[in-house]
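Summary of structural features
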Amino acid sequence: MRLADARALAPGLLVRVRLGDAADRRVKTFSKGMMQRLGLAQALLASPRLVFLDEPTDGVDPVGRREIRDLLLELAA
């Protein structure tokens, strides 16, 4: 994937994982849950057919866990 393509897709992915409001923040200020969401966005950046995730909701609050599970179910469909 070209850098220009990644830059074009990144804002939409950040919104999709509910990090759109944090797009201008430094990653080192992110909480554990935000880091999990960022990792998910990174995994989806290249539109892979298959993604392996290791505890994608670890450190995420209960509402965020549900949102991540819903997103994964949506992607699986």
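Next up on the list: the pattern of salt bridges. Scanning the model with the defined rule gives six salt bridges in all. We note a salt bridge from Glu 67 to Arg 37, for which the minimum N-O separation is 3.0 Å. Here Glu 67 is found in helix H3 (residues 62-76), whereas its partner Arg 37 is found in helix H2 (residues 32-44), with 30 residues between them in sequence. In this structure, Asp 70 engages Arg 66 in a salt bridge whose closest nitrogen and oxygen atoms are separated by 3.9 Å. Of this pair, Asp 70 and Arg 66 both sit in helix H3, separated by four residues, roughly a single helical turn. Residue Asp 70 is classed as partly exposed on the basis of its relative accessible area of 39%. Since its relative accessible area comes to 51%, Arg 66 is described here as exposed. Among the ionic contacts, a cluster of salt bridges with common partners joins Arg 18, Arg 37 and Glu 67.

With that settled, consider the nonpolar core. Note on soluble globular proteins: their nonpolar side chains tend to be buried together. Val 17, Leu 19, Ala 22, Phe 30, Met 34, Leu 38 and Leu 40 are the most contacted members of the largest nonpolar core, which has 14 residues in total. Going through the elements one at a time, helix H1 (3-16), H2 and H3 are the ones with two or more residues in this core. For this core, the leading source of residues is H2, giving five residues. Dropping the residues within four chain positions of it, Leu 38 is found in contact with Leu 14, Leu 19, Val 27 and Phe 30.

Calculation notes
Residues numbered from 1 in each chain as written. Predicted model: local features only at pLDDT ≥ 70, side-chain atom pairs only at ≥ 80, totals over all residues. Heavy atoms only, no water. Salt bridge = Lys/Arg side-chain N within 4 Å of Asp/Glu carboxyl O. Helix = DSSP H or I, 4+ residues; strand = E, 2+ residues; numbered from the N terminus. Buried < 20%, exposed > 50% of the residue type's maximum accessible area, 1.4 Å probe, protein only. Core = buried A, V, L, I, M, F, W, Y, C linked by side-chain atoms within 4.5 Å. Contact = heavy atoms within 4.5 Å.

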